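A look at the structure
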Amino acid sequence: MKTKFLTFFVLLSLNLINAQDKPNDYLKNFNNELKLWKNTYSNFNLNEFNVEEKVNFKDLYSENVSFNELSKEYKTIGTFSPNKSKFIDIYSYLNLEKNGNYFDAIIDVDQNVNLYDIKANKKITLTSCGSSKGIDEVFWVTEKKLLLVGTQYSDVKKPIIIIVDFENSTITEYTNSNNKCTQKTKYKSPKLKLINIKGL
């Protein structure tokens, strides 16, 4: 009886591991909402992304910060979750300064991806990007699933995909294994057109 129970437990564990979301599970979104970003790369194939790093929410830096403290311009170009209980800011590193009828961008090399839990008055840093990578776009699939897509900078520019799973409290980064999958043109999010920015 113990042997049967152990076998069942092992099989269940394997199924849970295999059930982990993969980039290809979001093919529909990459062919629709994220198509503009995807099309900036040559030879883009979701089956050619492999896990680079996986982090648990408990290991993330968080602080007590009210969403009201975030400047209006970042709220305009940032991204709310479907029920507007959460907000993602990827643009604070632009250090926007009002100059007449436009904003000057004084770009910092370090980009933080910050999640605002609006009801809890918390700001959580989901990931930090230095000179080696950057996040280009944000898409909420559901209230519990978030896609962050960006660029890895090395000898050539390659795509990265980050899946944020709020149900399992994990953040998984995927990198592309195909050397021919490289950036053709720089991506600029349509969200950045919502305000007048100079210096990008």
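These numbers come from a predicted model, not from an experiment. (Residues numbered from 1 in each chain as written. Predicted model: local features only at pLDDT ≥ 70, side-chain atom pairs only at ≥ 80, totals over all residues. Heavy atoms only, no water.)

Helix and strand counts for the protein come out as 4 helices and 13 strands. When the backbone C-alpha atoms are referred to their principal axes, the protein occupies close to 75 × 45 × 30 Å. Taking all 200 residues of the protein together, 45% fall into the buried category. The averaged location of the 23 negative side-chain charges in the protein is 6 Å from the averaged location of its 28 positive side-chain charges. (Helix = DSSP H or I, 4+ residues; strand = E, 2+ residues; numbered from the N terminus. Buried < 20%, exposed > 50% of the residue type's maximum accessible area, 1.4 Å probe, protein only. Lys, Arg positive; Asp, Glu negative; His and termini not counted. Charge placed at Lys NZ, Arg CZ, Asp CG, Glu CD.)

The next subject is the environment of Tyr-116. Note that Tyr-116 resides in strand β7 (residues 111-117). Note: C-alpha distance between Tyr-116 and Asn-176 (60 residues apart in sequence) is 29 Å. In contact with Tyr-116, other than residues within four places in its own chain, are Val-65, Ser-66, Phe-67, Leu-70, Ser-85, Lys-86, Phe-87, Asp-89, Lys-122 and Lys-123. (Contact = heavy atoms within 4.5 Å.)

Turning to the side chain of Gln-111, a few remarks are in order. Structurally, Gln-111 is set in strand β7. Side-chain polar atoms of Gln-111 contact the backbone oxygen of Ile-90, separated by 3.0 Å. At a separation of 2.8 Å, a polar atom in the side chain of Gln-111 contacts the main-chain amide nitrogen of Ile-135. In contact with Gln-111, other than residues within four places in its own chain, are Ile-90, Tyr-93, Thr-127, Ser-128, Cys-129, Gly-134 and Ile-135. (Polar contact = N/O pair within 3.5 Å; in protein donor to acceptor, adjacent residues only side chain to side chain.)

As a further point, take the sheet that holds strand β8 (residues 122-129). If you trace the 5 strands from one edge of the open sheet to the other, you get β2-β8-β7-β4-β3, paired in antiparallel fashion. The two strands at the open ends of the sheet, each matched to only one other strand, are β2 (61-64) and β3 (79-80). Pairing of β7 with β8 involves 7 bridges; the strand directions are antiparallel. Residue pairing for β8: Asn-114 is matched across the bridge by Thr-125. (Pairing = 2+ DSSP bridges.)

A separate point is unusual backbone geometry. Unusually for a residue other than glycine, Asn-43 sits at a positive phi of about 55°. Along the chain, Asn-43 falls in the loop between α3 (35-38) and β1 (49-56). Despite not being glycine, Asn-121 shows a phi value in the positive range, around 55°. Counting through the fold element by element, Asn-121 comes out in the loop between β7 and β8.

Let's shift gears to the confidence of the model for the protein. On average, the protein scores 90 in pLDDT, and the residues at 70 or more come to 90%. Below pLDDT 50 for its whole length, residues 5-18 participates in 0 contacts with residues either more than four positions away or in separate chains. (pLDDT = per-residue confidence, 0-100.)

Moving on to the pattern of salt bridges. Under the defined criterion, the tally for this structure stands at 6 salt bridges. Across the pair Asp-21 and Lys-145 runs a salt bridge, and its minimum N-O distance is 2.6 Å. With Asp-21 in the loop between α1 (2-18) and α2 (27-30) and Lys-145 in strand β10 (residues 145-153), this pair connects stretches of sequence that are 124 residues apart. Per residue, the accessibility class of Asp-21 equals that of Lys-145, and both read buried. Between Lys-133 and Glu-173 there is a salt bridge; the shortest N-O distance is 2.6 Å. Pair noted here: Lys-133 is in strand β9 (residues 133-142) and Glu-173 is in strand β12 (residues 170-176), with a separation of 40 residues, a long-range link. (Salt bridge = Lys/Arg side-chain N within 4 Å of Asp/Glu carboxyl O.)

The grouping of Lys-157, Lys-186, Lys-188 and Lys-193 at the surface amounts to a positive patch. Within the fold, Lys-188 resides in the loop between β12 and β13 (197-198). (Patch = residues over 30% accessible without salt bridge, like charges linked within 9 Å, V, L, I, M, F, W, Y side chains within 5 Å. Areas by Shrake-Rupley, 256 points an atom, 1.4 Å probe, with all protein chains shown as cover.)

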